[in-house]
Structure formats: structure tokens, C-alpha cells
Amino acid sequence: MRLRPLVMAVAVTAALVVTPAEAASPGRVLGYVANLGGGVSVIDTATNAVSQTIVDSGGSSPYMAAVAFDGTRGYVTNSVQNTLTVIDTPTNTVDKSIPVGTHPAGVAVAPGGGFVYVTNYDAGTVSVVDTATLTVTATVTVGQNPDGVVVTKDGTSVYVTHDVVGPSKVSVIDTTSNTVVTTINVGSTPTAVAASADGTRIYVVNKGSDNISAIDVASRTVVGTAAVGFVPHGIALSPNGTRAYVTNSEFDSVSVVDLTAMVELQKIVVGDRPISVALTPDGASAYVTNFNSNTVSVIDTASNTVTGSIAVGQRPVGIAINFVPPATSKLVAGSAQLQLRLLGFTVRSLDATLTDKHTGAPIAGEKIVFRTVKGNPLCTATTNSAGKATCDANVSLLVGLSTLLQGFTASYAGNNEHGGASSHGHIALL
């Protein structure tokens, strides 16, 4: 996708990887917004506020955001640095920057998360990244200006659009051989692309002909088109496959398209120059990046009305939304001292230290519960800035000396940001 000269002539795409996930379990539904001006804004969809900004020192011009199927990794292309940034999403920290091709634009994650596919706009190639080794294992030549990219539900094919003015095509890559096996003619200047949840359709945004094309996956032919607004850029599909939301960058609107009849139902006015759009896993909300407004518009999909606007970084382009599970916690229990009293015992300096397992950073302000190995309550304490919780406990004689000398258990229940953990500590007589 080529942004108009109003800003700069560079390639972007609205390809998204959004996989439905059960949000009832602990975790968060987070939106990742790649800002051309630098940094990835993380939106907590529960509060519709930016919870943090991720900065990769090796990649200052992020374009598109994709999130792996289980929400534990995010991938962002950096067009100037020619890299792919890998984000650990439970902790929202950068793990690695992977060199790819020249001017990377679109990014898609295969079902199961085994491979990531990156379109290299200026190189005319697609980089295949093995997520186990975080290295490029193949480079596929596809042709001029590859932009949008999506993987079919069964993982056997990758569809790549070519941002070429005039009637253009979509290349289809076989993922076993990593070669182009066919091309499909679509509209003018195709850019963003999305796949239906049932795996039967691929939808392509044609920004030069102001429409979208529906491709049948089985026959690899165009089976329908739908007119949208002026210079469409991004597309996202409802989880049930009945609606498409298409950004119209020069209309400052989002077209709602009935995918059964392939007709536009209405336009929703959003911010200035909308580029990309993503839906929450339940389909209840759509989030739209507004390039010139430096905002994200929030659309309620039941009423198709804008319910809010979120300030993000400068010149937001790509967005992906996914359920992110809690980060793994590590709890290490220490040693306590047992002192005899007239009517019982005192256990002094029960302690445990809580940290994030991935980063090693201390976790402050969390409750740690101390018990005997048989489950008798001892005391409760809150972790300090170093992640350490400490308390003393007065214990009845009924608990028994032998029980106390078996040590204690420290436990952390966990929350949406960090998972629970437990550990065994020792108790020794003073």
C-alpha cells in the first residue's frame, strides 16, 4: 500500500492477524498500534487507554503489527531498518529484531504460529521467518511491490497483493515449496488482504478501483466485488464472516460491507485519513488508525457508531488486536526461623520474592499468602519494589512442631497481567 505524497511515498498494508480467543480466562485483549513516527502503542481494550509504548532501539519506523495465534508474540515490520521486531506480548518487551528484505511492509503469522511471512516492498520478495529459531529460512520472489499478505486457514497457501497502479494481481505461494504457484487478477492497486475465519474466502482491498474483491480459496478465482469509499486502505472481517470493515483513507470513513450480498451497507465517519482496522476477538468493537489525527477511533459494531477516540503515537498505520495471556511469574521462597512461645510458636521472617520469569523484573504490590505444608494459614504480605514479601506469624500449638519444621508454602494467586505461582520455603528452629 503506497501512502499518497501528502506525507511520503512509502509502502504500508492493513493485513492483520486476529484470531478469536476466549477472554473469560485470565488475560487481556490488547491492541498493538504501529506508529510511523516511532513506537508501538499498546491499547488495553478494557479501558480504551494506552497502557504503554514499546520502543525498539533498532527499529524506529514501525509499520504493521501482527500477533501470533496464542497472543504470546507480536511481529512488527520496520521499513527503514529492514527488520522485523519480535515482541513478547505478555510482558510487552522486545525480544529480537530480525533482518528481512528491503522496505518490509506487510506481515502475517501462519496458523499455529510456526512461520511468519513478511512482504519486502522494494525487493519484490517475501521473507519466511521460522518462529522457533527467529531466522529467515527462505526468500520467495513474488514480483513488484508486494504489500498485503495473509495465510490461509489450513496454512498451505500465502496470498500476497501487489501495490501496482492499474489492474493488478495477487500472488499465491505454496508454503511447502515456498514458490509462487499462481496469480489471480483483481482490481486496481490492490493493497490490504484478509481471510475469512472459515477458510473459504480471501478479500482484497483495491485502492485504485475503490472496491474489494472476494476470492474463492478452492478455485482461486474472483467470485464477487463490492464498491466502497474513495481510496480504501485497510480491511478487517467480523468473526462470523458476515461483515467487512474497510477504511476509506480519502473519505475519512469506514465502509461496512455485507459479505453475503457483497454490497456496502453504510459508511461510518472516523478520524482524518484512516488506514488500518482491527476487530476485537468477540467482534464487538472495531479499532481504526487515523494517520493524520494521531488517534484510534473505536466503533461499536452493534450500532456501527463511533464510541470513542484514543490518542496514540505519531502517524499510526498498522493495528492488530489479540487476547494476550498473563505473563509467567516466578516465586522463590526463602527461610524462616521458628521460636517457641508459652502457648504456641512464632515463625519469624517468612519471605518470598516474586519476579517476571521472562524479564526477571520484580513484581511489586502483589499479595503473597504463606501457609504450612498442610494448608494452615500463617500470614499474608505484599511485595515491595524489589518484589519481596515478608511477615511474621503466631501459630497455635495445635498446628504441631513437626508440621512447622516441614517448611512453608508461599503462593501468589495471579491476575490478568501475571500468572499465579507457588514455592516451598524452609523453617528452622532458632
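Before any of the text, the structure's been laid out above.
Read on for a plain summary of the structure. On a predicted model such as this, the values are computed, not experimentally measured, just so you know. (Residues numbered from 1 in each chain as written. Predicted model: local features only at pLDDT ≥ 70, side-chain atom pairs only at ≥ 80, totals over all residues. Heavy atoms only, no water.)

1. Focus: the packing of aromatic side chains
In step 1: Applying the stated criterion across every chain yields a total of one aromatic pair.
In step 2: Judged by centre distance (5.8 Å) and plane angle (55°), the ring pair of Phe370 and Phe408 falls under tilted. Here Phe370 is found in strand 32 (residues 367–372), whereas its partner Phe408 is found in strand 35 (residues 408–412), with 38 residues between them in sequence.
In step 3: The class for Phe408 is buried, based on a relative accessible area of 0%.
In step 4: Residue placement shows Arg273 over the ring face of Phe291; its charged tip is 5.2 Å from the ring centre. (Phe/Tyr/Trp six-rings, centres within 6.5 Å; stacked < 30°, edge-to-face > 60°. Helix = DSSP H or I, 4+ residues; strand = E, 2+ residues; numbered from the N terminus. Buried < 20%, exposed > 50% of the residue type's maximum accessible area, 1.4 Å probe, protein only. Lys NZ or Arg CZ within 6 Å of the ring centre and 35° of its normal.)

2. Points about the state of the cysteines
In step 1: Summed over the entire model, instances satisfying the criterion amount to one disulfide.
In step 2: Covalent S-S linkage joins Cys379 and Cys391, the inter-sulfur distance amounting to 2.0 Å. When the S-S torsion is 65°, as for the bridge of Cys379 with Cys391, the disulfide is right-handed. Here Cys391 lies in strand 34 (residues 388–396) and Cys379 lies in strand 33 (residues 377–382), a separation of twelve residues in the sequence. When sorted by exposure, Cys379 lands in the same class as Cys391, which is buried. (Disulfide = S-S within 2.5 Å.)

3. Quick look at the sheet that holds strand 4 (residues 62–67)
In step 1: Strand order in the open sheet formed by four strands is 4-5-6-7, with antiparallel pairing between adjacent strands. The open sheet has two free edges, formed respectively by strand 4 and strand 7 (93–99), since each of these has just one partner strand. Within this sheet the neighbouring strands show an average axis-to-axis angle of 25°, counted without direction.
In step 2: As paired strands, strand 6 (residues 83–88) and strand 7 are joined by six bridges and run antiparallel to one another. Bridge pairing links Ile87 to Val94 in strand 7. (Pairing = 2+ DSSP bridges. Axes fitted to C-alpha atoms, helices over the stretch in contact; angles between N-to-C directions.)

4. A closer look at the sheet that holds strand 9 (residues 115–120)
In step 1: Pairing is antiparallel in the open sheet, where four strands are placed in the order 8-9-10-11. Here the strands that pair on one side only, and so sit at the sheet edges, are strand 8 (104–109) and strand 11 (135–141). For this sheet, the mean inter-axis angle between neighbouring strands, taken without regard to orientation, is 25°.
In step 2: Direction of pairing for strand 9 relative to strand 10 (residues 125–130): antiparallel, over a ladder of six bridges.

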